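Fold and contact review
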Amino acid sequence: MVDKKIVKNVTNIIEGLGMNENPETISILEDVGTNSKIDAIREMTSRALVKKNVHDSLKIVITNKGKGINDMSTVVAMSTINELLSLNDKTEAIKILEDTVNMHSDEEVRDNARSVKALMALS
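Summarised in this report is the structure supplied together with it. The shown structure was predicted, so the numbers you read here are calculated from the model rather than taken from an experiment. (Residues numbered from 1 in each chain as written. Predicted model: local features only at pLDDT ≥ 70, side-chain atom pairs only at ≥ 80, totals over all residues. Heavy atoms only, no water.)

1. Digging into the environment of Lys-65
Here is the rule: Helix numbers and strand numbers start at the N terminus; a helix is a DSSP run of H or I with at least 4 residues, a strand a run of E with at least 2. Contact between two residues is taken to exist if any of their heavy atoms lie within 4.5 Å; hydrogens are not considered. Here a polar contact is recorded for every N or O atom pair within 3.5 Å, except that within protein the pair must consist of a potential hydrogen donor and a potential acceptor, and residues adjacent in sequence are included only if both atoms are side-chain atoms.
Of note, Lys-65 is situated in the loop between α4 (55-63) and α5 (74-85). Along the primary structure Lys-65 and Val-109 are separated by 44 residues, whereas in three dimensions their C-alpha atoms are 6.5 Å apart. With residues up to four places along the chain from it excluded, the contact list for Lys-65 reads Asn-70, Asp-106, Glu-108 and Val-109. Separated by 3.4 Å, the side chains of Lys-65 and Asp-106 make a polar contact.

Shown next, in the form of structure tokens:
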């Protein structure tokens, strides 16, 4: 069983990195959080990256196979999608989704982007 204090500390770190405007925090979240073996950490990290709502952070959770909307865990993928749908300004996310649909080399990633783009158009 995981110590509750450790979980709280990890949660605080991910939330802090998510709120920090330093561009380097995006690569830290990607390197450490989105590559974690623990679904809950990947989920928190994906949400933090979406909340940043900048090109580099959104690109990670939209275009990378195995991360964000393309995560093998449906909990992580759906959480990321819900976070994208709740953005106030969806402009950058829609642009990245469109580029992914039109240019990504992986068919599954393109299909996921197409589905999320359709959901965002309805929200």
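There's plenty left to go through after this.
2. Comments concerning the pattern of salt bridges
Selection rule: Think of a salt bridge as a Lys or Arg side-chain nitrogen and an Asp or Glu carboxyl oxygen that are within 4 Å of each other.
A complete count under the given rule lists eight salt bridges for this structure. Residue Arg-42 pairs with Asp-39 through a salt bridge whose shortest N-O separation is 2.6 Å. Taken together, the residues span about one helical turn, with Arg-42 and Asp-39 both in helix α3 (residues 39-52) at a distance of three residues. Among the ionic pairs, Arg-42 bridges to Asp-71, the shortest N-O distance being 2.8 Å. Of this pair, Arg-42 sits in helix α3 while Asp-71 sits in the loop between α4 and α5; the two residues are 29 residues apart in sequence, bridging distant segments of the chain.

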